[in-house]
Amino acid sequence: QVQLVESGGGLVQAGGSLRLSCAASGRTFSRYAMGWFRQAPGKDREFVAGISRAGNTYYQDSVKGRFTISRDNAANTVYLQMNSLKPEDTAVYSCAGRGLGNIVFDLKGYDYWGQGTQVTVSS
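Residues numbered from 1 in each chain as written. Predicted model: local features only at pLDDT ≥ 70, side-chain atom pairs only at ≥ 80, totals over all residues. Heavy atoms only, no water.

Colleague: What should I look at first to understand the pairing of strand S1 (residues 4-7) in this one?
Modeller: Residues in a regular strand project their side chains so that they alternate between the two faces of the sheet. What you see with S1 is a clean split: Leu4 and Glu6 sit on the buried side and Val5 and Ser7 on the side with no burial. Pairing of S1 with strand S3 (residues 18-24) involves four bridges; the strand directions are antiparallel. Looking across to S3, one finds that Glu6 is bridged to Cys22. (Buried < 20%, exposed > 50% of the residue type's maximum accessible area, 1.4 Å probe, protein only. Helix = DSSP H or I, 4+ residues; strand = E, 2+ residues; numbered from the N terminus. Pairing = 2+ DSSP bridges.)

Right under this line is the structure:
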């Protein structure tokens, strides 16, 4: 069983930056692929970024060049650095873990989820 806890959300002006963190319990964190998803009010949850067990990264087109996902296996933590934030980035951001180690874009492919952290970008 893996528990995920996100932190780092908040209120920021457009053009600003935030760094989200997702701390995982357990000793097998390095085996997992990790993803960040977000859900805006009235919309479906969507894939934002992912990092595979091997360290390969993937991004939704709308965040490419602005967001960076990284992981620190020694600290059991995955990060999402978000720069040049836009009002349309406003959402609840959740991290998710996938035991098979590769990234998929479908949220159904993930085994563990955090509780989410709110990101609000004001115009």
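Colleague: Looking at this model, I keep getting lost on the pattern of salt bridges. Mind explaining?
Modeller: Under the counting rule described, the total for this entry stands at four salt bridges. With its nearest N and O atoms 3.0 Å apart, the salt bridge here joins Arg38 to Asp89. Of this pair, Arg38 sits in strand S4 (residues 33-39) while Asp89 sits in the loop between strand S8 (77-82) and strand S9 (91-98), and the two are 51 residues apart along the sequence. Taking the shortest distance from any N to any O, the salt bridge between Asp61 and Lys64 comes out at 3.0 Å. As far as the burial class goes, Asp61 and Lys64 line up, both exposed. Here the residues in one salt-bridge network are Arg38, Glu46, Arg66 and Asp89, joined through shared partners. (Salt bridge = Lys/Arg side-chain N within 4 Å of Asp/Glu carboxyl O.)

Colleague: Explain the state of the cysteines to me, please; I cannot follow it from the model alone.
Modeller: Where two cysteines share a covalent bond between their sulfur atoms, that bond is called a disulfide. Overall, the coordinates contain one disulfide when judged by the stated rule. Bridging Cys22 to Cys95, the disulfide has an S-S length of 1.9 Å. The sign of the S-S torsion, about 50°, decides the handedness of the disulfide formed by Cys22 and Cys95: right-handed. One end of the pair, Cys22, is in strand S3; the other, Cys95, is in strand S9, with 73 residues separating them in the sequence. Here Cys22 matches Cys95 in class, with each residue buried. (Disulfide = S-S within 2.5 Å.)

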